[in-house]
Amino acid sequence: MITNLNLNPFIKKYVIKRDESIFKTDLSNYNDELQNKISNKSVLVIGGAGSIGSFFIKALLKFKPTKLVVVDINENGLTELVRDLRSSTIYNVPSNFVTYPVDFGDKIFDKIYRNHGPFEIVANFAAHKHVRTEKDIFSIEAMIENNVLKARKLLNLLLEFQPEHFFCVSSDKAANPVNIMGASKKLMEELIIAYSSVIPIKTARFANVAFSNGSLPQGFIDRLKKNQAWSCPLGIKRFFVSPEESGQLCLIASVLGETGDIFFPKLDKNNDTVFFENIAKDLLNYLGLEIDICESDEEAKRKACLLNNNTKSFPVYFFKSDTSGEKSYEEFYTGNEVLDLKTYKSLGVIKNSIKRDIGEIDIIFKNLETIFSKKNVLKSDIINLLKKYLPNFNHIETGKNLDSKM
């Protein structure tokens, strides 16, 4: 039904609802400082083939680092990143540029770090980011392993060759978490901030990145290309930034922030949030298609089998969300967090994040490793352990997950 689609005009008009980057003024105001802190520096990006990591790299290259090493387990994603950067005329790709399809938790990563280091800037975007990942004990263990346990292994490696700046991406879902993904990110925040007195560490809580890899809006595009029906939740409202803005946010946070800072975009819940069902309706209208609302996913799939190039209507099944850990709204900070809303025009900064003693972190990690070593572990066991250390964690359990839906 579609082959090529330029999403940028649609994202600007219907999703983020702004023509220019929200961070344009801050990038201009701090251009010289960014230049001084990035130019001729050696940079390591972990998870650089993903949506946010790749746009962080694109924002970074405008300031001419002298060396760039990118690590990601997605070999195909790394290949496309290289082709994209090498084929463009707007990025200052350094002569010393290399990518590795390696898990940052593997031993070979340690060798890469020690051989190519020291790095002045290290940014980590490797993460399990989907709420749907908490489907069972195995997926939960993998998520906590990636978001928390491996992050500590990385921090201990950084202690040997300390960078000038270390950034590790967080999530808006870390604020008053209701799912295990958000709880894992909140625990990750407390982990890295425990090291903030010895390593210059910053992080950022994120809005949704419009049409990022694996997102529901990107799923709309993928379904269209395959003539498959859409399935979309009702009543779920989210903040959005563009892919370009996601990289810019992380760039500003990574090198301009003070150690222990948690950045977030200044977005207004009344003016800057969008319902997923509105994105679906607006996108079909943008493509010149009429929406065909279906009463079930079976009806939608049946109608999708009849789609062809002359079709003017498209089947969509809207459903009321009933999956575990689903929050109907988003927030970037809690009532107990002290905010700096003056330094940056488009970014706020949380300044009083909990700073646990390393000894406390040792106890938390030991308890996590102990519980995962048992033969019969329940999802509730993990939730109860996380609640013990994260008092704002109020898990929403329905017994259902998104893998059971289209």
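Residues numbered from 1 in each chain as written. Predicted model: local features only at pLDDT ≥ 70, side-chain atom pairs only at ≥ 80, totals over all residues. Heavy atoms only, no water.

Can you walk me through the overall build of the chain in this structure?
Looking only at helices and strands, one finds 14 helices and 15 strands in the chain. The globule rule puts the C-alpha radius of gyration for 406 residues at 22 Å, and the 21 Å found for the chain is close to it. Based on the C-alpha atoms only, the size of the chain along its principal axes is roughly 60 × 55 × 40 Å. Within the chain, the fraction of its 406 residues that count as buried is 54%. For the chain, contacts bridging at least 24 residues in sequence account for 80% of all contacts bridging at least 6. Of the accessible surface of the chain, which amounts to about 18,300 Å², a share of 47% is contributed by carbon and sulfur atoms. Considering the chain, the positive charge centre built from 54 side chains and the negative charge centre built from 50 side chains are found 1 Å apart. (Helix = DSSP H or I, 4+ residues; strand = E, 2+ residues; numbered from the N terminus. Rg over C-alpha atoms; globule rule 2.2 N^0.38 Å. Buried < 20%, exposed > 50% of the residue type's maximum accessible area, 1.4 Å probe, protein only. Contact = heavy atoms within 4.5 Å. Areas by Shrake-Rupley, 256 points an atom, 1.4 Å probe, with all protein chains shown as cover. Lys, Arg positive; Asp, Glu negative; His and termini not counted. Charge placed at Lys NZ, Arg CZ, Asp CG, Glu CD.)

Just to check I follow, could you spell out the packing of helix H4 (residues 51-61) against helix H5 (residues 75-87) for this structure?
The relative placement of two packed helices is expressed as an angle between their axes plus a distance between the axes. Close contact between H4 and H5 brings their axes to 11 Å; oriented N to C, the two are set at 25°. When the interaxial angle is binned, H4 and H5 end up roughly parallel. Note on packing geometry: the crossing formed by H4 with H5 is right-handed. Where H4 approaches H5, its residues Ser-54, Ile-57, Lys-58 and Leu-61 are matched on the opposing element by Leu-81, Asp-84 and Leu-85. (Axes fitted to C-alpha atoms, helices over the stretch in contact; angles between N-to-C directions. Parallel < 35°, antiparallel > 145°, perpendicular 65-115°, else oblique. Left-handed = near helix turned anticlockwise from the far one by under 90°.)

Would you mind showing me how to read unusual backbone geometry here?
Of all residues except glycine, most have a negative phi; of all peptide bonds, most are trans. Cis peptide bonds are those with omega within 30 degrees of zero, and the linkage from Gly-117 to Pro-118 qualifies with 0°. The backbone phi angle of Phe-211 is positive, close to 60°, even though this residue is not glycine. Take Phe-211: it is sitting in the loop between strand S7 (208-209) and helix H9 (216-225).

I tried to follow the pattern of salt bridges on my own but got confused; where do I start?
Note that side chains of opposite charge can pair when their charged atoms are close. Tallying each qualifying case throughout the model produces 23 salt bridges. Across the salt bridge formed by Glu-189 and Arg-205, the nearest N and O atoms sit 2.9 Å from each other. One end of the pair, Glu-189, is in helix H8 (residues 180-194); the other, Arg-205, is in the loop between strand S6 (201-204) and S7, with 16 residues separating them in the sequence. Neither Glu-189 nor Arg-205 differs from the other in exposure class; each is buried. One salt bridge connects Lys-351 with Asp-261, and the closest N-O pair in it is separated by 2.9 Å. In this pair, Lys-351 is assigned in the loop between strand S15 (347-350) and helix H13 (358-373) and Asp-261 in strand S10 (residues 261-265), connecting sequence segments 90 residues apart. A relative accessible area of 5% means that Asp-261 is categorised as buried. (Salt bridge = Lys/Arg side-chain N within 4 Å of Asp/Glu carboxyl O.)

Whenever I open this one, the nonpolar core confuses me. Can you help?
Side chains of a nonpolar character, in soluble globular proteins, are inclined to be buried together. The biggest cluster of nonpolar side chains holds 100 residues, and the ones touching the most others in it are Phe-109 and Phe-166. No other element matches the 11 residues that helix H7 (residues 137-160) contributes to this core. Listed in part, the 30 residues of the second largest apolar core include Phe-10, Cys-232, Phe-240 and Val-274. (Core = buried A, V, L, I, M, F, W, Y, C linked by side-chain atoms within 4.5 Å.)

Explanation requested: H7 in the structure shown.
The periodicity of an α-helix, 3.6 residues per turn, causes residues three or four positions apart to be oriented the same way. Here H7 contains 24 residues, and its C-alpha end-to-end distance of 34 Å stays within 8% of the 34 Å for a straight helix at 1.5 Å per residue. Where H7 bends most, at Glu-145, the angle is about 45°. (Expected span 1.5 Å × (residues − 1). Bend = angle between axes of the 7 residues up to and from the residue.)

Even after reading the chapter, I still don't get the side chain of Ser-139, so can you show me in this structure?
Relative to the helices and strands, Ser-139 is located in helix H7. What makes Ser-139 buried here is its relative accessible area of 12%. A polar side-chain atom of Ser-139 sits 3.0 Å from the main-chain carbonyl oxygen of Asp-136. (Polar contact = N/O pair within 3.5 Å; in protein donor to acceptor, adjacent residues only side chain to side chain.)

What is the right way to look at the packing of aromatic side chains in this model?
The geometry of an aromatic ring pair is captured by two quantities: the separation of the ring centres and the angle between the planes. A complete count under the given rule lists 19 aromatic pairs for this structure. Here the aromatic rings of Phe-10 and Phe-211 are separated by 6.0 Å at their centres, their planes lie at 80°, and the arrangement is edge-to-face. Here Phe-10 is found in helix H1 (residues 8-15), whereas its partner Phe-211 is found in the loop between S7 and H9, with 201 residues between them in sequence. Accessibility classification places Phe-10 together with Phe-211 in one group, the buried group. (Phe/Tyr/Trp six-rings, centres within 6.5 Å; stacked < 30°, edge-to-face > 60°.)

Mind showing me how you'd approach helix H6 (residues 107-116) here?
Taken as a whole, H6 has its buried residues at Phe-109, Asp-110, Ile-112, Tyr-113 and His-116. Projection of H6 onto a plane perpendicular to its axis shows the buried side chains occupying an angular sector of 160°, all on one side. Turned more than 90 degrees from where H6 packs its buried face, Lys-107, Lys-111 and Asn-115 sit exposed. Each element contacted by the buried residues of H6 is listed here: strand S1 (42-46), strand S2 (67-71), strand S3 (96-100), strand S4 (121-124) and H7. (Arc of directions from axis to C-beta.)

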